Amino acid sequence: MRGAELACTAWRSVAVGDPALCRRADLTTARTRYYASSLAMARAAADRSAGQCVAFSGTLDANSLLYLVERAPLKSLNVQDIVLTDKVVNVAVALKKLPLLEDLEISTDYYNTQAENLFASVCKACPHLKKLRLTFPEPECDIDGDREIQDGGVCEIPIMCELRSIELFEFDLTADGLAVILENCPLLETLHIDGYFLGNNDGTYEELREKCAARVKNLTLPEPDIFEDYDSDLD
């Protein structure tokens, strides 16, 4: 994707003429300073794979994601630095075109209110996922210090009968959200949530942690929000 096909006829034959080379396209090591160039390389990889690409890693926006999924029967997808300037529904529409998708990783580029429902939208679009990893940007706070993303629509996720691994970074969770994850993901083996646990004033944190530990082999839960407890003590 960095111009090997321009070296000579032989290199062009190898770089462009063999779709198998793009069966697993990892563009994470081919980053450029320009966002548009990264998107162009992703589209080139989709074209050169001739419908054979089953795994992709790289930078995409909503339009490039749709371009890719219409040309590749992906089983594994790692979308880095996606800018959610469009509605998350556009990402979900693209993901619905991947019925074979098992492994999905998405990292958002910067905080945007569109990220709030990303988790729920992804689960609804890909009910047969086996592994899900979402990295959110550092959540912003309003003037009162309240985080804008809490649970990220987790209470709306469907039953995920095949999901075995969930990793959520910079994700604030409540007791209700954690309960829904446990109930709707019966085969869950790995649960890693990095952020804060909100709503521990009634002492539910330890109870839920014990319940999770009894079911989930690999468990990392967010720590209780100490500032929330402090505010409660002041009241």
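Anything mentioned here points back to the structure above.
Residues numbered from 1 in each chain as written. Predicted model: local features only at pLDDT ≥ 70, side-chain atom pairs only at ≥ 80, totals over all residues. Heavy atoms only, no water.

Participant: Could you give me a rundown of the pairing of strand β5 (residues 131-135), with the residues and numbers involved?
Facilitator: The alternating pattern of β5 places Leu132 and Leu134 on a buried face and Lys131, Arg133 and Thr135 on a face that is not buried. Across 5 bridges, strand β4 (residues 103-108) lies against β5 in parallel orientation. Within β5, the residue paired with Glu105 across the bridge is Arg133. (Buried < 20%, exposed > 50% of the residue type's maximum accessible area, 1.4 Å probe, protein only. Helix = DSSP H or I, 4+ residues; strand = E, 2+ residues; numbered from the N terminus. Pairing = 2+ DSSP bridges.)

Participant: Explain a negative patch on the surface residue by residue, including any values.
Facilitator: A cluster of acidic side chains, namely Glu206, Glu207, Glu210 and Glu223, defines a negative patch on the protein surface. Per element, the largest residue contribution to the negative patch is 3 residues, and it comes from helix α7 (residues 204-215). Relative to the helices and strands, Glu210 is located in helix α7. Residue classification places Glu210 among the exposed positions, given a relative accessible area of 57%. (Patch = residues over 30% accessible without salt bridge, like charges linked within 9 Å, V, L, I, M, F, W, Y side chains within 5 Å. Areas by Shrake-Rupley, 256 points an atom, 1.4 Å probe, with all protein chains shown as cover. Salt bridge = Lys/Arg side-chain N within 4 Å of Asp/Glu carboxyl O. Lys, Arg positive; Asp, Glu negative; His and termini not counted. Charge placed at Lys NZ, Arg CZ, Asp CG, Glu CD.)

Participant: With reference to specific residues and values, describe the nonpolar core.
Facilitator: In this structure, Phe56, Leu77, Leu95, Phe119 and Ile181 are the most contacted members of the largest nonpolar core, which totals 62 residues. Ranked by residue count, the leading element in this core is helix α5 (residues 118-125), at 6 residues. Excluding its chain neighbours within four sequence positions, the residues that come into contact with Leu95 are Leu77, Leu101, Leu104, Val122, Ala125 and Cys126. (Core = buried A, V, L, I, M, F, W, Y, C linked by side-chain atoms within 4.5 Å. Contact = heavy atoms within 4.5 Å.)

Participant: Any details on the packing of helix α2 (residues 35-49) against helix α3 (residues 62-69)? Residues and values, ideally.
Facilitator: Two elements in contact, α2 and α3, have axes separated by 9 Å at closest approach and are oriented at 10°. Here α2 lies roughly parallel to α3, going by the angle between them. Between α2 and α3, the residues in contact are Leu39, Arg43, Ala46 and Asp47 and Asn63, Ser64, Tyr67 and Leu68, respectively. Each residue belonging to the contact of α2 with α3 can be placed in one class, and the counts come to 4 nonpolar, 2 polar and 2 charged. (Axes fitted to C-alpha atoms, helices over the stretch in contact; angles between N-to-C directions. Parallel < 35°, antiparallel > 145°, perpendicular 65-115°, else oblique. Nonpolar A, V, L, I, M, F, W, Y, C, P; charged D, E, K, R; others polar.)

Participant: Go over the environment of Ala30, please, and point to the residues and values.
Facilitator: Structurally, Ala30 is set in the loop between β1 (24-26) and α2. The exposure class of Ala30 is buried, given its relative accessible area of 10%. When the C-alpha positions of Ala30 and Gly58 are compared, they lie 8.6 Å apart, and in sequence the two are 28 residues distant.

Participant: Go over the sheet that holds strand β10 (residues 218-220) with me, naming the residues and quoting the values.
Facilitator: Reading across the sheet, the 8 strands line up as β1-β2-β3-β4-β5-β6-β8-β10 and stay open at both edges, with parallel pairing between neighbours. Whereas interior strands pair on both sides, the edge strands pair on one side only; in this sheet they are β1 and β10. When the angles between neighbouring strand axes are averaged without regard to direction, this sheet yields 5°. Pairing between strand β2 (residues 55-59) and strand β3 (residues 76-82): 5 bridges, direction parallel. Bridge pairing in β3 links Thr59 to Gln80. Across the sheet, α2 touches β1, β2 and β3, and the angle it forms with β2 is around 165°. Its contacts with the sheet place α5 against β4, β5 and β6 (165-169), and it is angled at close to 155° to β5.

Participant: Go over α3, please, and point to the residues and values.
Facilitator: For α3, the tally of buried residues reaches 6 of 8 residues, placing the bulk of the element in the interior. Among all positions in α3, only Ala62, Ser64, Leu65, Tyr67, Leu68 and Val69 are buried. If you follow the buried residues of α3, they end up packed against α2, β2, β3 and α4 (88-95).

Participant: Report on α5, specifying residues and quantitative values.
Facilitator: Among the 8 residues in α5, 7 count as buried, and that is most of the element. Among the residues making up α5, those that are buried are Leu118, Phe119, Ala120, Ser121, Val122, Cys123 and Ala125. Along its buried surface, α5 packs onto α4, β4, β5, β6 and α6 (175-184).

Participant: Explain the side chain of Ser107 to me, using residue names and the numbers behind them.
Facilitator: In this structure, Ser107 sits in strand β4. Since its relative accessible area comes to 14%, Ser107 is described here as buried. The residues contacting Ser107, other than those within four sequence positions of it, are Val79, Gln80, Asp81, Ile82 and Thr135.

Participant: Now, about the sheet that holds strand β11 (residues 223-224): what can you tell me, with residues and values included?
Facilitator: Spatial ordering of the open sheet is given by β7-β9-β11, a layout of 3 strands whose pairing is parallel. Sheet topology places β7 (173-174) and β11 at the edges, where each strand pairs with a single neighbour. Bridging between β7 and strand β9 (residues 196-198) involves 2 bridges; their strand directions are parallel. Bridge assignment links Thr174 to a residue of β9, and that residue is Leu198.

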